[in-house]
Amino acid sequence: MPYEREGIVQYSADELKRILRDGTARVIDVRTEEEYANGHIPGVPLKPMQRVAEWMDELDPNEAYVFICRSGNRSQKVAQFLRQSGFDRVANFDGGMLAWDGDLVTEN
């Protein structure tokens, strides 16, 4: 069951799998290109945290988003930043890729 941390909804791996299956939110990986290439969730695009100011204008503030990183800390910060920028429907994958037990795609 989702819970809230510092104003941001947190999802577990099972909840993220449901979101990916049902398409109820856009899921975005905010890790580095190298981390992403070493293993990412199929169909989840990369939008590195370091360039959030560049890509945030591509997002629709009316859509729901879940952000992913390695451990859940960077994605939490991205969600908080976007919340402060007017995005109300942002969430975090709690535990990040360290908690992911589903399929992975590698590019190496």
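The structure this text deals with has already been given above.
Residues numbered from 1 in each chain as written. Predicted model: local features only at pLDDT ≥ 70, side-chain atom pairs only at ≥ 80, totals over all residues. Heavy atoms only, no water.

Trainee: Help me get a handle on the environment of Val 9, residues and values and all.
Mentor: In this fold, Val 9 is placed in strand S2 (residues 8-11). Spatially, the C-alpha atom of Val 9 lies 15 Å from that of Ile 28, the residues being 19 residues apart in sequence. Beyond its immediate chain neighbours, meaning those up to four positions away, Val 9 contacts Pro 2, Tyr 3, Glu 4, Val 90, Ala 91 and Asn 92. (Helix = DSSP H or I, 4+ residues; strand = E, 2+ residues; numbered from the N terminus. Contact = heavy atoms within 4.5 Å.)

Trainee: Now, about the sheet that holds strand S3 (residues 26-29): what can you tell me, with residues and values included?
Mentor: The five strands lie next to each other as S1-S2-S5-S4-S3, forming an open sheet whose pairing is mixed. Looking along the sheet, the strands with just one partner apiece sit at the ends: strand S1 (3-5) and S3. Taken over all neighbouring pairs, the strand axes of this sheet differ in orientation by 35° on average, direction set aside. Those strands touched by helix H1 (residues 13-22) are S2, S3, strand S4 (65-68) and strand S5 (90-93), and its axis lies near 95° from that of S2. Against the sheet, helix H4 (residues 73-84) contacts S1, S2, S4 and S5, and its axis sits at roughly 175° relative to S5. (Pairing = 2+ DSSP bridges. Axes fitted to C-alpha atoms, helices over the stretch in contact; angles between N-to-C directions.)

Trainee: Any details on the pairing of S4? Residues and values, ideally.
Mentor: Taking every second residue as pointing to the same face, both faces of S4 are buried, with Tyr 65 and Phe 67 on one and Val 66 and Ile 68 on the other. Looking at chain direction, S3 and S4 are connected through four bridges and run parallel. Its bridge partner being in S4, Arg 26 is matched across the sheet by Tyr 65. Relative to S5, S4 is paired through three bridges, and the arrangement is parallel. Pairing of Val 66 across the sheet is with Ala 91, part of S5. Between the parallel elements S4 and S5, the chain passes through H4 in a crossover that is right-handed. (Buried < 20%, exposed > 50% of the residue type's maximum accessible area, 1.4 Å probe, protein only. Right-handed = clockwise from strand over helix to strand, strands pointing away.)

Trainee: I'd like a rundown of the packing of aromatic side chains, residues and numbers included.
Mentor: Scanning the model with the defined rule gives four aromatic pairs in all. Judged by centre distance (6.1 Å) and plane angle (20°), the ring pair of Tyr 65 and Phe 67 falls under stacked. The burial state of Tyr 65 is the same as that of Phe 67; both residues are buried. Where Tyr 65 meets Phe 87, the ring centres are 6.3 Å apart and the plane angle is 70°; that geometry is what we call edge-to-face. Taken together, the residues Tyr 65 in strand S4 and Phe 87 in the loop between H4 and S5 connect sequence positions 22 residues apart. Like Tyr 65, the residue Phe 87 is buried in the burial classification. (Phe/Tyr/Trp six-rings, centres within 6.5 Å; stacked < 30°, edge-to-face > 60°.)

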